[in-house]
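Tertiary structure, described
Below are the chains, spelled out letter by letter.
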Amino acid sequence: MSGPNFANRTLWTADNLDILRGMNSESVDLIYLDPPFNSNRTYEAPIGSQAAGAAFKDTWTLSDVDLAWHGEIADRSPALYQVVKAARLAHGPGMMSYLIMMAVRLTHLHRVLKPSGSLYLHCDPTASHYLKMLLDVTFGTAPVQG
């Protein structure tokens, strides 16, 4: 570990994959993710708002996923890729595409997060159960405290 190669309290608000690939390992204390939810909807900012005209498509197909990500996941973690493949069997290629997008990012997030760090993932019920499995495979499981 060589420490962070970015300023303290840096906040990124774009696709994190390219940023993550350039970050030093074990250099982040806190990660908060608010990714797409795979809702199969298109969202548009209301007319009259400052974001009017902006739109976001939250549907996923295999053409939305970089083919290199398939190999990256399979090479780094065969167990992770098995979760992704199982999701395709249960829910089709859209869910598989979404999970590939998330899995490749989670592997990099795991690398940059300090062992004492925390990760918070905002999601809805659409894919939360699969995301939990991806997190368990990537970060390991911990006993529930309560």
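In the block above lies the structure referred to throughout.
Cut-offs and rules
Residues numbered from 1 in each chain as written. Predicted model: local features only at pLDDT ≥ 70, side-chain atom pairs only at ≥ 80, totals over all residues. Heavy atoms only, no water. Core = buried A, V, L, I, M, F, W, Y, C linked by side-chain atoms within 4.5 Å. Buried < 20%, exposed > 50% of the residue type's maximum accessible area, 1.4 Å probe, protein only. Helix = DSSP H or I, 4+ residues; strand = E, 2+ residues; numbered from the N terminus. Contact = heavy atoms within 4.5 Å. Patch = residues over 30% accessible without salt bridge, like charges linked within 9 Å, V, L, I, M, F, W, Y side chains within 5 Å. Areas by Shrake-Rupley, 256 points an atom, 1.4 Å probe, with all protein chains shown as cover. Salt bridge = Lys/Arg side-chain N within 4 Å of Asp/Glu carboxyl O.

With that out of the way, let us pick up the nonpolar core. Core analysis: the largest hydrophobic core is formed by 34 residues, its most contacted members being Tyr 98, Leu 99, Leu 131 and Leu 134. Among the secondary structure elements, those contributing two or more residues to this core are helix H1 (17–21), strand E1 (28–33), helix H2 (67–76), helix H3 (78–91), helix H4 (93–112), strand E4 (113–121) and helix H5 (128–139). Sorting elements by how many residues they give to this core places H4 first, with twelve residues. For Leu 99, the contacting residues outside a window of four places in its chain are Val 84, Ala 87, Tyr 130, Leu 131 and Leu 134.

Before going further, it helps to examine a nonpolar patch on the surface. Residues Leu 30, Tyr 32 and Tyr 120 make up a contiguous nonpolar surface patch of roughly 380 Å² in combined accessible area. Looking at the secondary structure, you find Tyr 32 in strand E1.

Let's shift gears to unusual backbone geometry. Even without being glycine, Glu 26 reaches a positive phi, approximately 50°. Tracing the backbone through its elements, the reader meets Glu 26 in the loop between H1 and E1. Here Asn 40, not a glycine, exhibits a phi torsion of approximately 60°, which is positive. Assignment of secondary structure puts Asn 40 in the loop between E1 and strand E2 (41–44).

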